[in-house]
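Summary of the model geometry
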Amino acid sequence: MKILAIIASPRGMKGNTGRLLEEVLTGVREYGAEEEIISLSAMKVQPCVGCDVCHSTGICSIKDDYEAIKEKLLACDGFILASPNYIFSVTAQMKALFDRCNGLIHCMALEGKYAAMVETSGGGEDEEVISYMNRFANTLGATSVGGVGSPMIGVRLFPDEPVLFEKAHALGRDLCQSIADKREFPDQKLFHDAFRERMSGLVDFMQEYWVFERGYWQKKRNQKV
Ligand SMILES: Cc1cc2nc3c(=O)[nH]c(=O)nc-3n(C[C@H](O)[C@H](O)[C@H](O)COP(=O)(O)O)c2cc1C
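Presented here is a report on the structure given in the accompanying data block. (Residues numbered from 1 in each chain as written. Predicted model: local features only at pLDDT ≥ 70, side-chain atom pairs only at ≥ 80, totals over all residues. Heavy atoms only, no water.)

Let's talk about the pattern of salt bridges
Spelled out, the test is: Salt bridge criterion: a side-chain nitrogen from Lys or Arg within 4 Å of a carboxyl oxygen from Asp or Glu. The helix count covers DSSP runs of H or I at least four residues long, the strand count covers runs of E at least two residues long, and both are numbered beginning at the N terminus. The rule is simple: take the accessible area with a 1.4 Å probe, protein chains only, and divide by the maximum for that residue type; under 20% is buried, over 50% is exposed, in between is partly exposed.
Per the stated rule, a full pass over the model turns up 16 salt bridges. One salt bridge in this structure joins R196 and E111, with 2.8 Å as the shortest N-O distance. Within this pair, whereas R196 is found in helix α8 (residues 186-205), its partner E111 is found in the loop between α5 (102-107) and β4 (114-121), the two being separated by 85 residues in sequence. The class of R196 is partly exposed, set by a relative accessible area of 21%. Assessed through its relative accessible area of 24%, E111 is described here as partly exposed. For D174, the salt bridge identified is with R183, shortest N-O distance 3.0 Å. Residue D174 is classed as partly exposed on the basis of its relative accessible area, which comes to 26%.

A few points about the site of the ligand
For clarity, the threshold we go by: Near residues are defined by distance, with any heavy atom within 4 Å of the molecule or strand qualifying the residue. Identification of polar contacts relies on pairs of N or O atoms within 3.5 Å, with a donor-acceptor requirement for protein atoms, meaning one able to donate a hydrogen and the other able to accept it, and with residues adjacent in sequence counted only if both atoms are side-chain atoms. Areas reported here follow the Shrake-Rupley algorithm with a probe of radius 1.4 Å; residue values treat only the protein chains shown as occluding. Any residue that is not Ala, Val, Leu, Ile, Met, Phe, Trp, Tyr, Cys, Pro, Asp, Glu, Lys or Arg is counted as polar, Gly included; the first ten are nonpolar and the last four charged.
Taken together, 16 residues are adjacent to the ligand, and S9, R11, T17, N85 and T120 come closest. One of the side-chain N or O atoms of T120 is found 2.7 Å from an oxygen atom in the ligand. Contact with the protein chains covers 76% of the free accessible surface of the ligand, which is 650 Å². Put simply, the parts of the chain that give the shell around the ligand at least two residues each are α1 (16-31) and β4. Tallied by class, residues from the shell around the ligand come to five nonpolar, 10 polar and one charged.

Observations concerning unusual backbone geometry
One non-glycine residue, I87, lies in the positive phi region at around 50°. Mapping I87 onto the fold places it in the loop between β3 (78-84) and α4 (92-100). Even without a glycine there, the phi angle at M108 is positive, about 45°. For M108, the position within the fold is in the loop between α5 and β4.

Looking at the packing of aromatic side chains
Keep this limit in mind: Any two rings among Phe, Tyr and Trp, with Trp reduced to its six-membered ring, count as a pair given centres within 6.5 Å; such a pair is stacked if its planes are under 30 degrees apart, edge-to-face if over 60, and tilted if neither.
Following the criterion strictly, the structure yields five aromatic pairs and no others. Geometrically, the ring pair formed by F191 and F195 is stacked, given 5.4 Å between the ring centres and 15° between the ring planes. Here F191 pairs with F195, and both are found in helix α8, just four residues apart, close to one helical turn. Seen in terms of ring centroids, F212 and Y216 are 6.1 Å apart; in terms of plane orientation they differ by 45°. Their pairing is tilted. One end of the pair is F212 and the other is Y216, both in helix α9 (residues 211-224) and four residues apart, which spans about a single turn.

Quick look at the pairing of β4
To keep it simple, the criterion reads: At least two bridges found by DSSP between two strands is the condition for calling them paired. Here is how to tell: hold the view so the strands point away, follow the path from the first strand over the helix to the second, and if it runs clockwise the crossover is right-handed.
The buried count for β4 comes to eight of eight residues, which makes it a mostly enclosed element. Along β4, one buried face is formed by Y114, A116, V118 and T120 and the opposite face, lined by A115, M117, E119 and S121, is buried too. Inspection of the sheet shows β3 paired to β4 by seven bridges, in the parallel sense. Across the sheet, residue F79 finds its bridge partner in β4, namely A115. Relative to strand β5 (residues 143-151), β4 is paired through seven bridges, and the arrangement is parallel. Following the sheet pairing, T120 is matched in β5 by S150. You can see the chain leave β4, run along helix α6 (residues 126-139) and come back into β5, and the turn it takes is right-handed.

Side note on the sheet that holds β5
Here is the rule we go by: Convention adopted: a line fitted to C-alpha atoms gives each axis, helices being fitted over their contacting stretch, and angles between N-to-C directions are expressed from 0 to 180 degrees. Only heavy atoms matter for contacts: two residues are in contact if any of them lie within 4.5 Å across the pair.
A sheet is described by the order of its strands in space; here five strands give the open sequence β2-β1-β3-β4-β5, paired in parallel fashion. One side of each edge strand has no neighbouring strand; the edge strands of this open sheet are β2 (34-39) and β5. On average, adjacent strands in this sheet sit at an angle of 15° to one another, irrespective of strand direction. In terms of strand pairing, strand β1 (residues 2-7) meets β2 through six bridges, oriented parallel. Pairing of I6 across the sheet is with I38, part of β2. Packing against the sheet, α4 makes contact with β1 and β3, and its axis sits at approximately 140° to β3. The strands touched by α6 within the sheet are β3, β4 and β5, with β4 carrying the most contacts at an inclination of about 155°.

This is the structure:
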């Protein structure tokens, strides 16, 4: 079982989000899964330019590290998104990655995979950021097992750390267990069903131009029959 962790703090694993992610990965290791960490601050993922080439060819026109990250997302069983709260949202590094995933979203290319979220803040709104990352994972077709978030009280320190870290370990283990059990989350299944209809309808409407995505959905429909 392969778990890919993507961290979007400019401080990489050395900051608060990295500290909390370490604890989630402890849970992943306890379960016995393999882990890989990608730190976006050490990679180049430029903002989307809106050229729509991904929809017609399946490959992004910008030559940087995005395609390599995409391949890792497609190859993993589960992934973790970790970001500090930057003005009530994810960091620009994470948002650039989200936007570049637009082609994956149109195809709901991560259906069957599971995800977990990690977030830290200066003073709150943790749920707001976690829920945004959950929604992103859902639009990719993935199922979120939840998230862990916390304000910090100093560099790599958190209020009520033992309770928080136990929650983080449990999240890591739960991510792996959910993959093993192919656990179902009825509310997310409803979202997936509605979003699948929306995305396949959109791609049908644009089929003359979005040739790659048309082929992707055709294959997906044939596999389901
Ligand atoms: C540019 C910037 C924007 C921030 N915006 C918020 C915010 O809106 N709300 C909040 O609670 N904390 C905010 N913070 C604080 C960070 O979320 C917090 O320090 C976080 O733990 C940093 O994580 P890191 O060490 O992994 O980078 C912000 C910090 C920076 C540098």
